[in-house]
Amino acid sequence: MGKNTSFRVIRIVSILLLIAAVVLTMALLGKKDKNSITIGTGGTKGMYYKYTQVLADIEKGNLNIRIKETEGSQANLRLIRQKYLDVAIVQNDTLYDAANGFDEYIDNSLGDERSFSAVCTLYTESVNVIVRKDSGIRNISDLKGKTVSVGKEESGVKHNAKEVLSVYGMTLEDIKPEYLSYEESSDALVAGNIDAFFCNCGNPAEVLTDLANKADVEFLSISDEDVKRLKTINPAYVNVTIPAGTYKGQDSDVKTVGIYAVLVAQNDLDEDTVYELTKDIYEKSDEINQALGTAGELKPSEQPDRMVIPFHKGAARYYRELNVSVDEDKAD
């Protein structure tokens with residue numbers, strides 16, 4: 001074999017080895033570690049973030065959970081559709097609107113296919129409207145012309161604020177809206193920079209407990225009639241009563257509306273991973289409640305009636321084991 005021929009052979013072999021290395025690297029990068037998932041939450045002081053922190057701690061040794069702080073429900077749906085998230089916590093009403101094709105919740109560049117499915121509802125979060133007791137604001141109607149934080153731009157709370165205002169004949173144009181996180185809203189209320197803020201959370205919430213310890217605040221109630229009107233706008237709303245004494249200075253029950261916080265997963269997330277995640281959430285619900293300082297029991301039998309989209313295959317498998325029939329997502 002001549003010198004030139006040997007050189008060509010070596011060169012060809014080198015190119016083939018390089019191609020093989022590139023293909024192998026791409027395959028490894030493209031292969032998803034089913035024991036590692038990214039969960040989208042909300043702000044660091046919100047219940048979504050705290051719940052996921054507790055879940056990540058409980059899942060150590062089983063699943064590696066990476067927590068992604070986001071602006072909230074609407075952002076989470078966008079990010080999970082764009083495949084930046086594997087799992088996310090979202091409000092059930094936001095999910096309902098997305099499932100029914102409202103443009104505000106759909107990234108049209110991704111087409112019309114729903115790329116995520118349900119795992120379970122986690123807990124009920126109430127729609128809270130908080131003011132200072134010395135503000136003179138006694139009901140939602142009094143917010144007209146006031147400076148009000150309605151949550152981050154891509155949060156579910158902003159959407160709820162718009163709907164609550166609407167039953168009192170107002171839009172965001174009738175108030176002076178600020179788009180702050182819960183922690184920023186709390187600080188702004190204490191400083192007198194805003195008059196009120198909307199906050200969706202499971203109770204008691206750390207950010208509201210801290211606020212009530214710093215300032216004399218009041219939670220505005222929503223009348224029974226207006227609750228009914230809100231339910232006609234979005235059937236995902238449920239009646240919620242925040243018991244007296246939940247927060248410092250709260251001397252009476254507060255009636256409002258609430259929505260379920262829902263865990264959703266990408267359709268193509270590994271079935272076994274979602275099965276184990278679902279199973280652990282149910283079997284360790286007491287441990288989770290204790291860590292969060294909340295009460296309540298997850299009941300698999302209630303899930304079919306609460307959910308507005310089909311369930312992930314992994315979650316559906318767990319429910320079948322409990323003889324609970326759910327609508328299963330059929331996406332491959």
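Values in this document were obtained by computation on a predicted structure and should not be read as measured data.

J.: Outline the overall build of the protein chain, listing residues and values.
T.: On a plain count of helices and strands, the protein chain comes out with twelve helices and ten strands. Within the protein chain, the fraction of its 332 residues that count as buried is 49%. Taking all contacts inside the protein chain whose residues are at least 6 apart in sequence as the whole, residues at least 24 apart take part in 75%. On the protein chain, roughly 16,000 Å² of surface is accessible, and the fraction owed to carbon and sulfur atoms is 48%.

J.: Provide a residue-level description of the side chain of Asn200, including the pertinent values.
T.: Here Asn200 lies in strand 7 (residues 196-201). Residues in contact with Asn200, not counting those within four places in the same chain, are Gln91, Glu125, Ser126, Val127, Asn128, Gly156, Val157, Asn160, Tyr182 and Ile259.

J.: Explain the nonpolar core to me, using residue names and the numbers behind them.
T.: One recurring pattern in soluble globular proteins: nonpolar side chains tend to sit buried together. Tyr51, Leu95, Val264, Ile281 and Tyr319 are the most contacted members of the largest nonpolar core, which has 53 residues in total. Counting residues per element, this core draws most heavily on helix 2 (residues 47-58), at seven residues. Every residue in contact with Leu95, bar those within four places of it in the chain, is listed here: Leu77, Val90, Phe116, Val262, Val264, Met307, Val308 and Ile309. Ala188, Ile194, Leu211 and Ala212 belong to the second largest nonpolar core, which has 46 residues in total.

J.: So, the confidence of the model for the protein chain: which residues are in play, and what are the values?
T.: Per-residue confidence for the protein chain gives a mean pLDDT of 86; residues scoring 70 or more make up 84%. When the elements of the protein chain are averaged for pLDDT, helix 1 (residues 3-30) gives the smallest value, 50, and strand 5 (residues 147-149) the largest, 98. Ignoring residues within four places in sequence, the model shows residues 21-31, a span with pLDDT below 50, making zero contacts including any to other chains.

J.: Provide a residue-level description of the environment of Asp280, including the pertinent values.
T.: Its location among the elements puts Asp280 in helix 9 (residues 271-283). The buried category is assigned to Asp280, whose relative accessible area is 9%. Between the C-alpha atoms of Asp280 and Leu55, which are 225 residues apart in sequence, the distance is 9.0 Å. Those residues in contact with Asp280 that sit more than four places away from it in its chain are Glu59 and Asn62.

J.: Break down the pairing of strand 9 (residues 238-242) for me, with residues and values.
T.: Only one face of strand 9 is covered, namely the one carrying Val238, Val240 and Ile242; the face carrying Asn239 and Thr241 has none of its residues buried. Examined bridge by bridge, strand 9 and strand 10 (residues 254-266) share five bridges and lie antiparallel to one another. Its bridge partner lying in strand 10, Ile242 is registered against Val254.

J.: Kindly report on the pairing of strand 7, identifying the contributing residues and their values.
T.: Among the six residues of strand 7, six are classified as buried, and the element is accordingly described as predominantly covered. Here strand 7 shows two buried faces, one formed by Ala196, Phe198 and Asn200 and the other by Phe197, Cys199 and Cys201. With six bridges connecting them, strand 4 (residues 116-132) and strand 7 associate as antiparallel partners. Within strand 7, the position partnered with Val131 by the bridge is Ala196. Direction of pairing for strand 5 relative to strand 7: parallel, over a ladder of two bridges. In the strand pairing of strand 7, Val148 is matched with Ala196.

Parameters and conventions
- Residues numbered from 1 in each chain as written.
- Predicted model: local features only at pLDDT ≥ 70, side-chain atom pairs only at ≥ 80, totals over all residues.
- Heavy atoms only, no water.
- Helix = DSSP H or I, 4+ residues; strand = E, 2+ residues; numbered from the N terminus.
- Buried < 20%, exposed > 50% of the residue type's maximum accessible area, 1.4 Å probe, protein only.
- Contact = heavy atoms within 4.5 Å.
- Areas by Shrake-Rupley, 256 points an atom, 1.4 Å probe, with all protein chains shown as cover.
- Core = buried A, V, L, I, M, F, W, Y, C linked by side-chain atoms within 4.5 Å.
- pLDDT = per-residue confidence, 0-100.
- Pairing = 2+ DSSP bridges.

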